[in-house]
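One-letter residues, chain by chain:
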Amino acid sequence: MTAAVLAAFLSACGDGGTGAGDGLSLPYDVDIRTDSFGIPHIEADDYASLGYGLGYVQARDNLCVLAEDFLTINGRRAEFLGRDGSYSIPANGTTASNVESDFFWSFVLTDARLDALEEAAAGPAARATRGFAEGYSRYVREIQDGEHAGRHAACRDADWVREIDARDMYRRYFRLGVLASSSVFVNEIAGAAPPAPGEILETPPIDTILDTLQPSDMPLGDLDIGSNMYGLGSEATQTGRPMLFGNPHFPWEGTERLYQMHLTIPGQVDIFGASLYGVPAVLIGFNEHVAWSHTVSTAYRFSFYELKLNPADPTQYLYDGEFVDMESEDVTIRVREADGSLTEATRTLYRSHYGPMLELSVSGIPVLSWNGLTAYTLRDANAENTRLINQFFAWNRARSLDEFIDLHAEILGVPWVNTVATGPDEPVYYGDVTVVPNVPDSKVTECATLLTPVLGQLMPGLPILDGSRSACEWDTDPDAPAPGIFGPGNLPTLVRRDHVSNMNDSYWLTHPQEPLTGFASIIGQEETERSLRTRLGILQIQRRLDGTDGLPGTGFTLDNLQEIVLDSSIHSGELARDAVVGSICPLGTVVTDGGPVDVSAACDVLADWDLATNLDSRGGHLWREFWTRASEALLPVGPDVPPLWLTPFSADEPVTTPRDLNVLNPLVQAALGDAVTAVTDAGFALDAPMGEVQYSGIHDERIPIFGDLGNATGSFTVTGGAPLDETGYPVLRGNSYIQTVTWDDEGTPIAEGFVTYSQSSDPASPHYKDQTWRYSAKEWVPFRFTEAQIAADPGLTEEHLSD
């Protein structure tokens, strides 16, 4: 795509409806056909009406979830839900009180940020945004008028369910943009306050920080979310036609759930896929020309800056030899007290010219403190990213893989995910072409502070820079669309005819025979150990291509791809089960902190275990309890901690190392005994099938779920949630939207998949758990794309909305 064509899109391409910011009402006219699994096929003649229809159906299916998020990002949780409530963002691990949440969003979501997003929105995006808000609001009015009896019982009478406008939508876009950056630090930003003038607070020695904390303790350090994706080119498939598999592992609750939809404006856009709630564009999906998916990238979207303070005034910092005033803002929120009364609370919060001030404590240790001599501030590249929504609207219209790739680089609005894409008769493409602070490794060295090497160990790749010098500001590449970020020429991409993949490790092993190297550490780590999930994901491709996976023939078909990606194999079991059975089990009894434990019965179960966590797999829960204890006890490796593996990682054998379990280690032996105790104390048989142990934790009946913990145990089929208790394992996150896509000889998409938790979060909806039962049974849902396929759906319903 040429710059001129891109400019045409960004200025006004699409329908000729009124822009979002002109204050005029828009005429809406849209047809909605909903298929048997609650997937809306929305057709209109303009983007405003398309957004209107989508806003209406998303409210119909998920009103309470969306309404609470709109309340949150307007900084009004404490006003309506009370001082003592809390707010979590499962996707980044943040939990804050309602009060802290309100101070944070009121402070960081400024009018200037919203103005910039709104002004940058291209015509189609702006019109769909406005339409979504009005379609959503129509459904709210219907609920408040008493329509849709029985629906949304949890919130239909709540005074915080309200109509929204386009401004609320831009708040939502901002919130999603900073999911991997500013909103990780809700408490740290909302609670940051200077010491008294002249007061110097004590800070811990660097050795104390390093001796006490591990990388998993740090923000973003131990999240159970992620994604898998494969791009399989013509050389990897039996048909010679490319295939794409995509599967984000996101929360099953909240607004980071994904919603399926099919959006059509005849002659302009015809796109099927899924989006996070409140976004009127497909974020992962396919059309006749291209299919794509995403995984969360390892790149950091922010950096910290260390400020040298004026000892007489902790709200002034040194910059190029002069003291500069921080910007202060008095933020006032309303708070509903326990007796129902409303009070006001006010805080003075501060910004440097880089961004908000923050104080970070981890496990009670002040890592980044405002101590009177130094303070810390955060610059967030995605808080400055106004291109996010335009990126996906442009992609939804892409008519070839080449155009898709060009748009990826030219708009450069993707906030925090890798991308894999392909198309009929096209190669496969990978790109971590995302919004990344332009901090080359040389700048980290030149602008280092005393804490830079500390953070380098605890959060590898994330810089703390010297904020006292303009030379330490982020660089800008000539090909970057905005200041301070890397341009596409300094971001990793790969195009091949066989395969590319990503399972949330860095770009390095996108293809093991063509490693990507030479990029800044802030983007990702190279020649370092990969997760067990990444290793299994690569091995699954290699085994299918050489025919060693036990399936017929070589190469992928849609059927065997679907079988493989839901296989629920456990790579840690493949690597270590035989060693446990052969070397630990003959002991009969192992010593634990709780005393000796007889492991004989457990060993019989593990010997017969099928090395998977399918519903009928017996022993998978026992292995999970053992493996998580063994690996946690032996990581990280140190002078007093023997290694988990006897053969260490080698960059020359990255898919097969480390390996060879250290079975002589008493901690590994004790982990087996502790696992036996945990399973029996929870009331489960050691040989219970996984279908009796693991279940959906969000539905009103017990739906058995297969899969396991991803990186922790080496499962490609991912679940996550609460630890084992007397109910089993409640699944609260993991496999979410799943799509497998290829094309027939005429170029028509052939696609199937799931939304694993189903389309609606409302228990009264017929689509509250229908796809979850299908997923439990591994009965793939057809994604109906053509008119004939849609019309043939036996449960199709139709409605027409106009306003």
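Residues numbered from 1 in each chain as written. Predicted model: local features only at pLDDT ≥ 70, side-chain atom pairs only at ≥ 80, totals over all residues. Heavy atoms only, no water.

Our next topic: the overall build of the protein chain. What the protein chain contains, in helices and strands, is 22 helices and 35 strands. Computed over the C-alpha atoms, the radius of gyration of the protein chain is 26 Å, within 12% of the 28 Å expected from 2.2 N^0.38 for a compact globule of 803 residues. Principal-axis analysis of the C-alpha atoms places the extent of the protein chain at approximately 80 × 75 × 60 Å. The buried share of the protein chain, taken over its 803 residues, is 60%. Pairs at least 24 apart in sequence give 70% of the contacts found in the protein chain among residues at least 6 apart. Of the roughly 27,900 Å² of accessible surface on the protein chain, a fraction of 49% belongs to carbon and sulfur atoms. One way to put it: in the protein chain the 49 positive side-chain charges average out to a point 3 Å from where the 115 negative ones average out. (Helix = DSSP H or I, 4+ residues; strand = E, 2+ residues; numbered from the N terminus. Rg over C-alpha atoms; globule rule 2.2 N^0.38 Å. Buried < 20%, exposed > 50% of the residue type's maximum accessible area, 1.4 Å probe, protein only. Contact = heavy atoms within 4.5 Å. Areas by Shrake-Rupley, 256 points an atom, 1.4 Å probe, with all protein chains shown as cover. Lys, Arg positive; Asp, Glu negative; His and termini not counted. Charge placed at Lys NZ, Arg CZ, Asp CG, Glu CD.)

This part is about the sheet that holds strand 10 (residues 291–296). Taken in spatial order, the 10 strands make up an open sheet running 23-21-20-10-9-8-7-2-1-35, and their pairing is mixed. Each having just a single partner strand, strand 23 (493–496) and strand 35 (797–802) make up the two edges of the open sheet. For this sheet, the mean inter-axis angle between neighbouring strands, taken without regard to orientation, is 20°. As judged from the six bridges shared by strand 1 (residues 29–34) and strand 35, these two strands associate in the antiparallel manner. Note that in strand 35 the partner of Val 30 across the bridge is Leu 801. Across the sheet, helix 11 (residues 401–411) lies against strand 10, strand 20 (417–422) and strand 21 (428–431), angled at about 160° from strand 20, the strand it touches most. (Pairing = 2+ DSSP bridges. Axes fitted to C-alpha atoms, helices over the stretch in contact; angles between N-to-C directions.)

Below, the discussion takes up the pattern of salt bridges. The full count for this structure, using the stated rule, is 41 salt bridges. The shortest N-O distance in the salt bridge between Glu 327 and Arg 351 comes to 3.1 Å. Of the two residues, Glu 327 sits in strand 14 (residues 327–336) while Arg 351 sits in strand 15 (residues 342–351), which places them 24 residues apart along the sequence. (Salt bridge = Lys/Arg side-chain N within 4 Å of Asp/Glu carboxyl O.)

To continue, consider the packing of helix 2 (residues 47–73) against helix 6 (residues 123–144). For the pair helix 2 and helix 6, interaxial distance at closest approach is 6 Å and the crossing angle is 55°. Comparing their axes, helix 6 and helix 2 come out oblique. Of the two elements, helix 2 crosses helix 6, and the hand of that crossing is right-handed. In the contact of helix 2 with helix 6, the residues fall into 17 nonpolar, five polar and five charged. (Parallel < 35°, antiparallel > 145°, perpendicular 65-115°, else oblique. Left-handed = near helix turned anticlockwise from the far one by under 90°. Nonpolar A, V, L, I, M, F, W, Y, C, P; charged D, E, K, R; others polar.)

Right, let's get into unusual backbone geometry. In the segment running from Thr 657 into Pro 658, the intervening peptide bond is cis, with an omega of 0°. Locating Pro 658 in the fold gives a position in the loop between strand 27 (645–647) and strand 28 (659–661). In this structure, Asp 425 takes a positive phi of about 60° despite not being glycine. In this structure, Asp 425 sits in the loop between strand 20 and strand 21. For Asp 425, a relative accessible area of 64% corresponds to the exposed category. Despite not being glycine, Lys 778 shows a phi value in the positive range, around 55°. Inspection of the secondary structure assignment puts Lys 778 in the loop between helix 21 (770–776) and strand 34 (781–782).

A complete count under the given rule lists three disulfides for this structure. Disulfide pairing places Cys 64 opposite Cys 155 at an S-S distance of 2.2 Å. As the torsion about the S-S bond is roughly -90°, the Cys 64-Cys 155 disulfide counts as left-handed. Of this pair, Cys 64 sits in helix 2 while Cys 155 sits in the loop between helix 6 and helix 7 (166–177), placing them 91 residues apart in sequence. Bridging Cys 447 to Cys 472, the disulfide has an S-S length of 2.1 Å. (Disulfide = S-S within 2.5 Å.)

In terms of nonpolar packing, the biggest core is built from 209 residues, with Leu 63, Trp 105, Tyr 136, Tyr 230, Phe 304 and Ile 523 touching the most fellow members. By residue number, the principal contributor to this core is helix 2, which donates 16 residues. When residues no more than four places from it in sequence are discounted, the contact partners of Trp 105 are Thr 72, Ile 73, Gly 75, Tyr 87, Phe 174, Arg 175, Val 178 and Ser 183. Of all hydrophobic cores here, the second largest spans 38 residues; its members include Ile 570, Trp 609, Trp 623 and Ala 630. (Core = buried A, V, L, I, M, F, W, Y, C linked by side-chain atoms within 4.5 Å.)

Further remarks concern the confidence of the model for the protein chain. Confidence along the protein chain averages 95 in pLDDT terms, with 96% of residues attaining 70 or more. Confidence drops under a pLDDT of 50 for residues 1–24, and excluding neighbours within four residues, the segment shows 47 contacts in the predicted structure. (pLDDT = per-residue confidence, 0-100.)

Let's shift gears to a negative patch on the surface. Judged by side-chain charge, Asp 29, Asp 31, Glu 43, Asp 45 and Glu 798 come together as a negatively charged surface patch. Position of Asp 45 among the secondary structure elements: in the loop between strand 2 (40–44) and helix 2. Overall, Asp 45 belongs to the exposed group, its relative accessible area being 60%. (Patch = residues over 30% accessible without salt bridge, like charges linked within 9 Å, V, L, I, M, F, W, Y side chains within 5 Å.)

What follows is about the packing of aromatic side chains. Under the counting rule described, the total for this entry stands at 36 aromatic pairs. Their ring planes at 45° and their centres at 5.8 Å tell us that Phe 286 and Phe 785 sit as a pair that is tilted. Here Phe 286, found in strand 9 (residues 284–286), pairs with Phe 785, found in the loop between strand 34 and helix 22 (787–791); they are 499 residues apart in sequence, far enough to count as distant. When its relative accessible area of 0% is taken as the criterion, Phe 286 is described as buried. (Phe/Tyr/Trp six-rings, centres within 6.5 Å; stacked < 30°, edge-to-face > 60°.)

By the element assignment, Asn 614 lies in the loop between helix 17 (600–608) and helix 18 (620–633). From its side chain, Asn 614 meets the backbone oxygen of Asp 567 in a polar contact 3.1 Å long. If we ignore the near neighbours within four places in the chain, the residues touching Asn 614 are Leu 566, Asp 567, Ser 568, Met 690, Gly 691, Phe 706 and Lys 778. (Polar contact = N/O pair within 3.5 Å; in protein donor to acceptor, adjacent residues only side chain to side chain.)

Another point: the pairing of strand 32 (residues 737–743). With seven of its seven residues buried, strand 32 lies for the most part within the structure. Burial along strand 32 is two-sided: the face carrying Tyr 737, Gln 739, Val 741 and Trp 743 and the face carrying Ile 738, Thr 740 and Thr 742 are both buried. Relative to strand 33 (residues 749–755), strand 32 runs antiparallel, the two being bridged by seven bridges. Looking at the pairing, Trp 743 lines up with Pro 749 of strand 33. Between strand 32 and strand 33, which pair antiparallel in sequence order, lie five residues; one of them, Gly 747, sits at a positive phi of approximately 85°.

Tracing the backbone through its elements, the reader meets Arg 162 in the loop between helix 6 and helix 7. Overall, Arg 162 belongs to the partly exposed group, its relative accessible area being 25%. For Arg 162 and Asp 498, which are 336 residues apart along the polypeptide, the C-alpha to C-alpha distance reads 50 Å. Among residues more than four places away in sequence, those in contact with Arg 162 are Phe 70, Asn 74, Tyr 136, Val 140, Gln 144 and Asp 168.

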